[in-house]
Amino acid sequence: MANSDKGLQQVRDIIAAAHKDCSLAEKLQFYDRWATRYEKDVSILEYKAPRLAAQALASVCPENRELQLVLDVACGTGRVSEEVQMLPAINITATGGQ
């Protein structure tokens, strides 16, 4: 089945597999294989965590946002940083954890 044809249950199964108990090497291998499909799979879930994280950040930075500097370490796909950049006057720098 093509990636774009995945259903909600298939994506839930993939995510459940990500949380299984295994060695670090197996976990890294799992994520390496999933990386190429991650964005498509997560979009099926209507994933809202990046937007919610940006909104939470905005709520603790109500004033003088242009003076706030935010560092997103191990940003993964950078989706939280993308959401934060849409907020007025918050400066964010993102870096991957690899």
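Everything numeric in this text was worked out from a predicted model, so none of it was measured.

## Observations concerning unusual backbone geometry
Backbone geometry follows two general trends: most residues other than glycine have a negative phi, and most peptide bonds adopt the trans configuration.
Phase 1: A positive phi angle, near 55°, is found at Glu46, a position not held by glycine.
Phase 2: Along the polypeptide, Glu46 turns up in the loop between helix H3 (38-44) and helix H4 (49-60).
Phase 3: A positive phi angle, near 60°, is found at Ala74, a position not held by glycine.
Phase 4: For Ala74, the location among the structural elements is in the loop between strand S1 (69-73) and helix H5 (79-85).

## Some thoughts on H4
Phase 1: Taking 1.5 Å per residue, 12 residues should reach 16 Å; H4 reaches 17 Å between its end C-alpha atoms and fits that length.
Phase 2: Every buried residue belonging to H4 is among Pro50, Ala54, Leu57 and Ala58, and all of these are buried. One side of H4 carries all its buried residues, which in axial view fall inside an arc of 100°. The exposed residues of H4 that point more than 90 degrees off its buried face are Leu52, Ser59 and Val60.
Phase 3: If you follow the buried residues of H4, they end up packed against S1 and H5.

## Observations regarding the packing of aromatic side chains
Pairs of aromatic rings are described using the distance from one ring centre to the other and the angle between the two planes.
Phase 1: Taken as a whole and judged by the stated rule, the model has four aromatic pairs.
Phase 2: Ring plane angle 90° and centroid distance 5.2 Å describe the contact between Phe30 and Tyr31, whose orientation is recorded as edge-to-face.
Phase 3: We classify Tyr31 as partly exposed; its relative accessible area is 38%.
Phase 4: Where Phe30 meets Trp34, the ring centres are 5.7 Å apart and the plane angle is 50°; that geometry is what we call tilted. With Phe30 and Trp34 both in helix H2 (residues 24-34) and four residues apart, this pair spans about one turn of that helix. Note on accessibility: Phe30 and Trp34 belong to one class, buried.
Phase 5: Ring-pair connections join several aromatic residues into one group, and the members of that group are Phe30, Tyr31, Trp34 and Tyr38.

The rules behind the values
Residues numbered from 1 in each chain as written. Predicted model: local features only at pLDDT ≥ 70, side-chain atom pairs only at ≥ 80, totals over all residues. Heavy atoms only, no water. Helix = DSSP H or I, 4+ residues; strand = E, 2+ residues; numbered from the N terminus. Expected span 1.5 Å × (residues − 1). Buried < 20%, exposed > 50% of the residue type's maximum accessible area, 1.4 Å probe, protein only. Arc of directions from axis to C-beta. Contact = heavy atoms within 4.5 Å. Phe/Tyr/Trp six-rings, centres within 6.5 Å; stacked < 30°, edge-to-face > 60°.

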